[in-house]
Amino acid sequence: MTINVVATLTVRPGSGPALEAAIAEARKDVINEPGCVRYDLQRKFKSETEYIMLETWESVADLKTHGQAPAFVAFSAQAADFLAAAPEVLVYEPVGDQV
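Residues numbered from 1 in each chain as written. Predicted model: local features only at pLDDT ≥ 70, side-chain atom pairs only at ≥ 80, totals over all residues. Heavy atoms only, no water.

1. Re helix H3 (residues 70–79)
- Those residues of H3 not exposed but buried are Ala-71, Phe-75 and Ala-79. The arc that holds the buried residues of H3, viewed along the axis, is 75°, so those residues lie on one side. Exposed residues lying more than 90 degrees from the buried face of H3 are Pro-70 and Ala-77.
- The elements touched by buried residues of H3 are helix H1 (16–30). (Buried < 20%, exposed > 50% of the residue type's maximum accessible area, 1.4 Å probe, protein only. Helix = DSSP H or I, 4+ residues; strand = E, 2+ residues; numbered from the N terminus. Arc of directions from axis to C-beta. Contact = heavy atoms within 4.5 Å.)

Here it is as structure tokens:
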């Protein structure tokens, strides 16, 4: 069963480029983790501080493994430097027909 994650990230003013760089660095490894289908950062239109991470994993087990992977652990250690608040992480499972 595919699992989708939407993580809302709010950065301190002026910290957007730091978040984008940190995610880009982590993504190089995360996208190759077992079960990773999608790991994409999106910025809210006309905002410099509001982002979401869109993730898709092949299974809950893959998502759990990601939470302990070196790239995610390294990103998490850096995140306090630029995040204004703790991320809000929502996990979804697909229902009905999917594209």
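That was the structure; now back to the text.
2. So, the environment of Ala-80
- If you trace the backbone, Ala-80 turns up in the loop between H3 and strand E4 (88–92).
- Each C-alpha atom of the pair Ala-80 and Val-11 lies 9.4 Å from the other, and the pair is 69 residues apart in sequence.

3. Some remarks on the layout of surface pockets
- Its volume calculated, the largest pocket comes out at about 260 Å³.
- Ala-7, Glu-55, Phe-72, Pro-87 and Val-89 are the residues nearest the centre of the largest pocket, which is lined by 17 residues in total.
- Of all the secondary structure elements, the ones that give two or more residues to the lining of the largest pocket are strand E1 (3–10), strand E3 (50–57), helix H2 (60–66), H3 and E4.
- Ranked by residue count, the leading element in the lining of the largest pocket is H3, at four residues. (1 Å grid on protein atoms, 1.4 Å probe; cavity = no way out; pocket = protein on both sides within 12 Å on 5 of 7 lines; lining within 4 Å. Points joined across faces, edges and corners; volume = space filled by probe spheres on them.)

4. So, the sheet that holds strand E2 (residues 36–43)
- Across the sheet, which stays open at both edges, the four strands sit in the order E2-E3-E1-E4 with antiparallel pairing between neighbours. Pairing within the sheet leaves two strands with one partner each, and these edge strands are E2 and E4. On average, adjacent strands in this sheet sit at an angle of 15° to one another, irrespective of strand direction.
- Pairing geometry for E2 and E3, over seven bridges, is antiparallel. What sits directly across from Asp-40, in E3, is Leu-54. (Pairing = 2+ DSSP bridges. Axes fitted to C-alpha atoms, helices over the stretch in contact; angles between N-to-C directions.)

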